[in-house]
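# Coordinate analysis (summary)
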Amino acid sequence: MMDWTDRHCRYFLRLMSKHIRLYTEMLSTQALIHGDTDKLLGHCSTEHPLALQLGGCNPKEMAICSQMAEDWGYQEVNINAGCPSSRVQQGRFGACLLNEPNLVAECINNMQQRCALPITVKTRIGLDEQDSFDFLHRFIERVSQAGCQLFILHARKAWLQGLSPKENREIPPLDYNRVYAIKQAFPKFTIVLNGGICSLSQVKNHCQKVDGVMLGRAAYHNPFLLSQVDQQLFGVATPEKSRLEIVENMISYLQNQCKQGIPLKAMTRHMMGLFQAQPGARTWRRFLSNDPNLTPRRLLNLAQTLTARAKQHVASCSL
Ligand SMILES: Cc1cc2nc3c(=O)[nH]c(=O)nc-3n(C[C@H](O)[C@H](O)[C@H](O)COP(=O)(O)O)c2cc1C
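Cut-off values and rules
Residues numbered from 1 in each chain as written. Predicted model: local features only at pLDDT ≥ 70, side-chain atom pairs only at ≥ 80, totals over all residues. Heavy atoms only, no water. Helix = DSSP H or I, 4+ residues; strand = E, 2+ residues; numbered from the N terminus. Rg over C-alpha atoms; globule rule 2.2 N^0.38 Å. Buried < 20%, exposed > 50% of the residue type's maximum accessible area, 1.4 Å probe, protein only. Contact = heavy atoms within 4.5 Å. Areas by Shrake-Rupley, 256 points an atom, 1.4 Å probe, with all protein chains shown as cover. Core = buried A, V, L, I, M, F, W, Y, C linked by side-chain atoms within 4.5 Å. Domains from an automatic or database assignment. Near = heavy atom within 4 Å. Polar contact = N/O pair within 3.5 Å; in protein donor to acceptor, adjacent residues only side chain to side chain. Nonpolar A, V, L, I, M, F, W, Y, C, P; charged D, E, K, R; others polar. Pairing = 2+ DSSP bridges. Right-handed = clockwise from strand over helix to strand, strands pointing away. Phe/Tyr/Trp six-rings, centres within 6.5 Å; stacked < 30°, edge-to-face > 60°. Axes fitted to C-alpha atoms, helices over the stretch in contact; angles between N-to-C directions. Parallel < 35°, antiparallel > 145°, perpendicular 65-115°, else oblique. Left-handed = near helix turned anticlockwise from the far one by under 90°. Buried area = accessible area lost by both parts, 1.4 Å probe. Salt bridge = Lys/Arg side-chain N within 4 Å of Asp/Glu carboxyl O.

### Observations regarding the overall build of the chain
When helices and strands are counted, the chain shows 15 helices and 7 strands. Here the C-alpha atoms of the chain give a radius of gyration of 21 Å, agreeing with the 20 Å that 2.2 N^0.38 yields for 319 residues. In terms of its C-alpha atoms, the chain occupies a principal-axis envelope of roughly 60 × 45 × 40 Å. Residues counted as buried form 50% of the 319 residues belonging to the chain. Considering only contacts in the chain between residues 6 or more positions apart, those separated by 24 or more positions represent 69%. Split by element, the accessible area of the chain, about 15,100 Å² in all, is 50% carbon and sulfur.

Written out as structure tokens, the structure is:
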């Protein structure tokens, strides 16, 4: 998610679950080819499994960037065919690509020639007036002929005119049945459902009908949700970490990154939701966003205080 799932955010989220697949923000091919590659693609191997999401539509450029993804150690390249922003529309990629399955297929062909990673597509279930099952079916059929076998479907259509990207994540109604129907039509492909999911019980329900679920805003705003995923969804008996342990694990990372010149707040802003719905959540958020004397050590102290307070709260409730 742009401006959200940068490397610091991903490092933090990975502490919650070893098995979820993380995705980068959408990176445009232009930025990757002409920009600061180290800054854009650099990451920690602990973030793996990690997919690089590309925004672009020029087959040659998409191929170059896919090779970069492989060289930099990513595990998947994902094509963004769902973003409706006007800047992206001007570049003729994102959600517009739903109208251009042949071009997406050509991109995939070129990408596969230069890179051995799986190429996947994230898209919407429709675009403007084009929102029939057949429209989406034709897109998936054509794109899969080029070799894409994993589709992430945001279960809403996108309106290219008149709605902002934020409104495009809220106003078009969710249609999970459309995604289930696609899975039935293409049983061999991996179909991942996205949109509006905010609890693990919802994830489990959807997983009876599709192969996986992608969480966006819920994972960002309530990251601790992910701490039960390995146990509950992947069936791995790793002990769940506490919020305090997550903060403890972040400290050396924060200190190291600060030494390399990264401002502390550029990293801690992603930790704002850690105490979501816990006693002291507001104190935590306020401290992270406003305190001029924020340091990793003080962050840890506050996490210890909030944890002790939460324990007292639980103890007094059970008396
Ligand atoms: C701030 C923000 C940035 C986003 N950036 C991207 C992006 O770069 N690429 C993408 O495929 N989707 C992006 N999305 C959309 C989400 O991936 C997701 O499809 C959408 O929010 C619906 O899922 P959710 O209800 O679980 O959040 C973004 C969403 C938000 C809130």
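### Here's the deal with the nonpolar core
Core analysis: the largest hydrophobic core is formed by 95 residues, its most contacted members being Val121, Trp284 and Leu299. Considering each element in turn, this core owes the most residues, 7 residues, to helix α12 (residues 243-259). Formed jointly, this core draws a minimum of three residues from each of two domains, domain 1 (7-232) and domain 2 (243-318). Beyond its immediate stretch of four places on either side in the chain, Leu299 contacts Val247, Ile251, Leu254, Thr268, Met271, Trp284, Phe287, Leu288 and Leu294. Grouped together as the second largest cluster of nonpolar side chains are 6 residues, Ala51, Ile152, Val192 and Met214 included.

### Brief notes about the site of the ligand
Near the ligand there are 15 residues, and of these Met2, Gln53, Asn194, Gly196 and Arg217 occur at the shortest range. Contact between the ligand and Asn194: an oxygen atom at 2.6 Å from a side-chain N or O atom of the residue. Across the complex, the protein chains shield 88% of the 610 Å² of accessible surface that the ligand would expose by itself. Counted by class, the shell around the ligand contains 5 nonpolar, 7 polar and 3 charged residues.

### So, the pairing of strand β2 (residues 50-55)
With 6 of its 6 residues buried, β2 lies for the most part within the structure. Examined bridge by bridge, strand β1 (residues 22-28) and β2 share 5 bridges and lie parallel to one another. Note that in β2 the partner of Tyr23 across the bridge is Ala51. Both β2 and strand β3 (residues 76-81) contribute to a ladder of 4 bridges, which runs parallel. By the bridge assignment for β3, Leu52 is matched with Val77. This β-α-β element, β2 to helix α4 (residues 59-71) to β3, shows right-handed connectivity.

### What about the packing of aromatic side chains?
Taken as a whole and assessed by the stated rule, the structure comprises 5 aromatic pairs. Seen in terms of ring centroids, Phe151 and Phe189 are 6.1 Å apart; in terms of plane orientation they differ by 45°. Their pairing is tilted. One end of the pair, Phe151, is in strand β5 (residues 150-158); the other, Phe189, is in the loop between α8 (176-185) and β6 (190-194), with 38 residues separating them in the sequence. We note that Phe151, like Phe189, is buried. Chaining the aromatic ring pairs together yields one cluster made of Phe151, Phe186 and Phe189.

### Quick look at the packing of α4 against helix α6 (residues 101-114)
Relative to each other, α4 and α6 sit at 40°, their axes nearing to 8 Å. Classed by the angle they form, the pair α4 and α6 counts as oblique. Here the hand of the crossing between α4 and α6 comes out right-handed. Contacts between α4 and α6 pair Pro59, Lys60, Met62, Ala63, Ile64, Ser66, Gln67 and Glu70 from the former with Leu103, Glu106, Cys107, Asn110, Met111 and Arg114 from the latter. A breakdown of the residues in the contact of α4 with α6 according to their chemical character gives 7 nonpolar, 3 polar and 4 charged.

### Here's the deal with the domain arrangement of the chain
Each assigned domain of the chain is listed here: domain 1 (7-232) and domain 2 (243-318). Counting from both sides, the interface comprises 12 residues of domain 1 and, opposite them, 15 residues of domain 2. Roughly 1,400 Å² of surface becomes buried between domain 1 and domain 2 when both sides are summed, with 67% attributable to carbon and sulfur atoms. Three residues stand out in domain 1 for area buried against domain 2, namely His8, Phe12 and Phe224, and they jointly supply 44% of the buried area on that side. At the boundary of domain 1 with domain 2, the tally comes to 0 salt bridges. Along the contact surface separating domain 1 from domain 2 lie 2 residue pairs in polar contact (both at pLDDT 80 or more).

### Some remarks on the pattern of salt bridges
Across all of its chains, the model carries 10 salt bridges by this definition. Two residues, Asp3 and Arg269, come together in a salt bridge whose shortest N-O distance is 3.6 Å. Here Asp3, found in the segment before α1 (7-14), pairs with Arg269, found in the loop between α13 (264-268) and α14 (281-290); they are 266 residues apart in sequence, far enough to count as distant. A relative accessible area of 47% means that Asp3 is categorised as partly exposed. In this structure, Arg21 and Glu76 form a salt bridge, with 2.7 Å as the shortest nitrogen-oxygen distance. Note that Arg21 is positioned in the loop between α1 and β1 and Glu76 in strand β3, a separation of 55 residues in sequence. Under the relative-accessibility criterion, Arg21 is labelled partly exposed at 36%. Each of Asp3, Asp6 and Arg269 takes part in salt bridges that share partners, so that together they form one network.

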